[in-house]
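Geometric and topological summary
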Amino acid sequence: MPFRLYERSGKFKVSYGYKLPNGKWEFRLTAPASDAEAVARVRTEAIERANVLNGAAPTSGPTEDLFQKYFAWQKGLPADSEDRKAASTLSENEIESKRLIKVFGKVKPSVIKPVHVYKYLAGRAQEGAPAKANKEIALLSAVLEYGRRLGELETNPCRGIKYNKTRPRQKYVEEADINMMMRVARERGGSYLILALCLQVAYLTVSRPEEMRQLMRQAVKDGGIEVAVGKRKKGHAVKHKLIEWSPALHATVQEALSLQRTTSLYVFGNTAGQPYTRSGFNTILGRLMKYCAQQAAEDGGTFNRFTLADMRPTAVTDRMEEGDTKITDATGHSDGRMVAKVYDRRRIKTAKATK
């Protein structure tokens, strides 16, 4: 806990208070002990306010400086460097870093201990974001590892940390929900329709979200769509997959291109001709999902929301249900183990009898 910040846990209440040198309380925040989310929320607020009162706010701290150095180093690496992260990953990392900096920014990297990392993981889990906490600590680990390069600390306190346990996502998108999305998107048009078409193409090409958001016009070939496989092991050459045209895929791509108001290098570009950011895409898609739910309710039915990331496993599941024996050609994997483990969401698997 920050200097002068005290925590008191009772049977009914949990409180955090900052005591001044004269013995008076500058502030006291309380939450019901039975409400884990409220406790986590006031704890975070108390730490932030205590850091400000301790004089850390006007200037950045050593760990905050290290974050800035890390991002500057990443952005300065050659585009083909194996150490450089994707631009979209860096953008997301910069957002994730804001929360980390609030907690660790004012201290020296060398004073961060595993116990502090575990408390961060536990606190974020109480807030209902265990998986996001894991990603944030993975970023902290990368930044601190960079700090070791610079000699700012000897050991990385994130090494060997056991991350929050999370439940794998098992979402399968029903055809009726996809049809509802297309219906509502066509009624509303604009960005809603562009995003809906993007989800359709993701399904038809069994592609990752980033592969679709960044899909360029030059990927549209005479024989189909050539997609650079988004993930690869360090040191391995970039691989591509060619998804041959089907009537549905060709029509969907052509419709997306016809909707572009400005000249764009991207198939699913925004009004400025640029690819949608992850947050911008998710915000618009979230609104579309809300409108779909409202329309389904008016029709007397139901609608289950889904995301761009759900289209790939849904496509894999449907293909495997249909007996596709070359599923790795569509996913871009080198073997089927990862496909079976992560993407196959069949609830019932059918097999022939031995005899």
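Summary of the structure given here. (Residues numbered from 1 in each chain as written. Predicted model: local features only at pLDDT ≥ 70, side-chain atom pairs only at ≥ 80, totals over all residues. Heavy atoms only, no water.)

**Things to note about the pairing of strand 3 (residues 25–32)**
What counts here: Each pair of strands is called paired provided DSSP finds at least two bridges between the two strands. Only DSSP runs of H or I reaching four residues or more are called helices, and only runs of E reaching two or more are called strands; each is numbered from the N terminus.
Pairing of strand 2 (residues 13–19) with strand 3 involves seven bridges; the strand directions are antiparallel. The partner of tyrosine 18 across the bridge, within strand 3, is phenylalanine 27. Counted between consecutive antiparallel strands, the loop separating strand 2 from strand 3 contains five residues, among which glycine 23 sits at a positive phi close to 90°.

**Comments concerning the nonpolar core**
The criterion, for reference: Each nonpolar core is a collection of buried residues, namely Ala, Val, Leu, Ile, Met, Phe, Trp, Tyr and Cys, held together in the definition by side-chain atoms within 4.5 Å. Note on exposure labels: buried denotes an accessible area under 20% of the residue type's maximum, exposed denotes more than 50%, and partly exposed covers the range between, all computed with a 1.4 Å probe on protein chains only.
By size, the foremost hydrophobic cluster in this structure holds 42 residues, and its most contacted members are Met181, Phe268 and Leu288. Mapped onto this core, the elements with two or more residues apiece are helix 6 (175–188), helix 7 (190–205), strand 4 (224–228), helix 9 (247–258) and helix 10 (278–298). Per element, the largest residue contribution to this core is ten residues, and it comes from helix 7. Core analysis: the second largest hydrophobic core is formed by 22 residues, Leu100, Ile101, Phe104 and Val143 among them.

**Thoughts on the sheet that holds strand 2**
Heads up, the condition is: Between the N-to-C directions of two axes lies an angle of 0 to 180 degrees, each axis being a line fitted to C-alpha atoms and, for a helix, fitted only over the stretch in contact. Any two residues whose heavy atoms approach within 4.5 Å are treated as being in contact.
The strand order 1-2-3 describes an open sheet built from three strands, whose pairing is antiparallel. What marks the edges here is a single partner per strand, and that holds for strand 1 (5–9) and strand 3. Along the sheet, successive strands turn relative to each other by an average axial angle of 15°, direction set aside. Helix 1 (residues 36–53) rests against strand 1, strand 2 and strand 3 of the sheet, and its axis sits at about 165° to strand 3.

**Looking at a positive patch on the surface**
What counts is decided by this rule: Residues qualify for a patch when their relative accessible area is over 30% and they have no salt bridge, like charges being joined within 9 Å and the nonpolar side chains of Val, Leu, Ile, Met, Phe, Trp and Tyr within 5 Å. Note on areas: these come from Shrake-Rupley sampling with a 1.4 Å probe, and a residue is covered only by the protein chains present in the view. Here a salt bridge means any side-chain nitrogen of Lys or Arg lying within 4 Å of a carboxyl oxygen belonging to Asp or Glu. Asp and Glu are treated as the negative residues and Lys and Arg as the positive ones, with His and the ends of the chain left uncounted. Charge placement uses NZ in Lys and CZ in Arg. For Asp and Glu, CG and CD serve respectively.
A grouping of Arg188, Arg287, Lys290 and Arg305 is seen on the molecular surface, where their side chains present a positively charged patch. Checked against the element boundaries, arginine 287 lands in helix 10. Note on arginine 287: relative accessible area 39%, which makes it partly exposed.

**Quick notes on unusual backbone geometry**
Outside of glycine, negative phi angles account for most residues, and trans bonds account for most peptide bonds. Located in the positive-phi region is arginine 4, a residue other than glycine, with phi close to 75°. Its identity is not glycine, yet valine 206 carries a phi of approximately 55°, on the positive side. Assessed through its relative accessible area of 0%, valine 206 is described here as buried.

**Comments concerning the packing of helix 2 (residues 62–76) against helix 5 (residues 130–150)**
What counts here: Angles below 35 degrees are treated as roughly parallel, those above 145 as roughly antiparallel, those between 65 and 115 as roughly perpendicular, and all remaining angles as oblique. Classes in brief: Ala, Val, Leu, Ile, Met, Phe, Trp, Tyr, Cys and Pro nonpolar; Asp, Glu, Lys and Arg charged; the others, Gly included, polar.
For the pair helix 2 and helix 5, interaxial distance at closest approach is 10 Å and the crossing angle is 90°. Taken together, the axes of helix 2 and helix 5 lie roughly perpendicular to each other. Of helix 5, the residues touching helix 2 (which contributes Leu66, Phe67, Lys69, Tyr70 and Trp73) are Leu139, Leu140, Ala142, Val143, Leu144, Tyr146, Gly147, Arg149 and Leu150. Looking at the contact of helix 2 with helix 5 residue by residue, the classes come out as eleven nonpolar, one polar and two charged.

**Focus on the packing of aromatic side chains**
Test applied: Any pair of Phe, Tyr and Trp rings, taking the six-membered ring for Trp, is counted once the centres come within 6.5 Å. Such a pair is stacked with planes under 30 degrees apart, edge-to-face with planes over 60 apart, and tilted for the rest. Remark: a charge is flagged as sitting over a ring if the NZ atom of Lys or the CZ atom of Arg is within 6 Å of the ring centre and within 35 degrees of the ring normal.
Taken as a whole, this structure holds ten aromatic pairs when the rule is applied. Taking 6.0 Å as the distance between ring centres and 70° as the angle between the ring planes, the aromatic pair formed by tyrosine 70 and tyrosine 146 counts as edge-to-face. Of the two residues, tyrosine 70 sits in helix 2 while tyrosine 146 sits in helix 5, which places them 76 residues apart along the sequence. With respect to class, tyrosine 70 is no different from tyrosine 146; both count as buried. Aromatic rings pair up to connect Tyr70, Phe71, Trp73 and Tyr146 into one cluster. The residue whose ring lies beneath arginine 28 is tryptophan 25, and the NZ or CZ to ring-centre distance is 4.7 Å.

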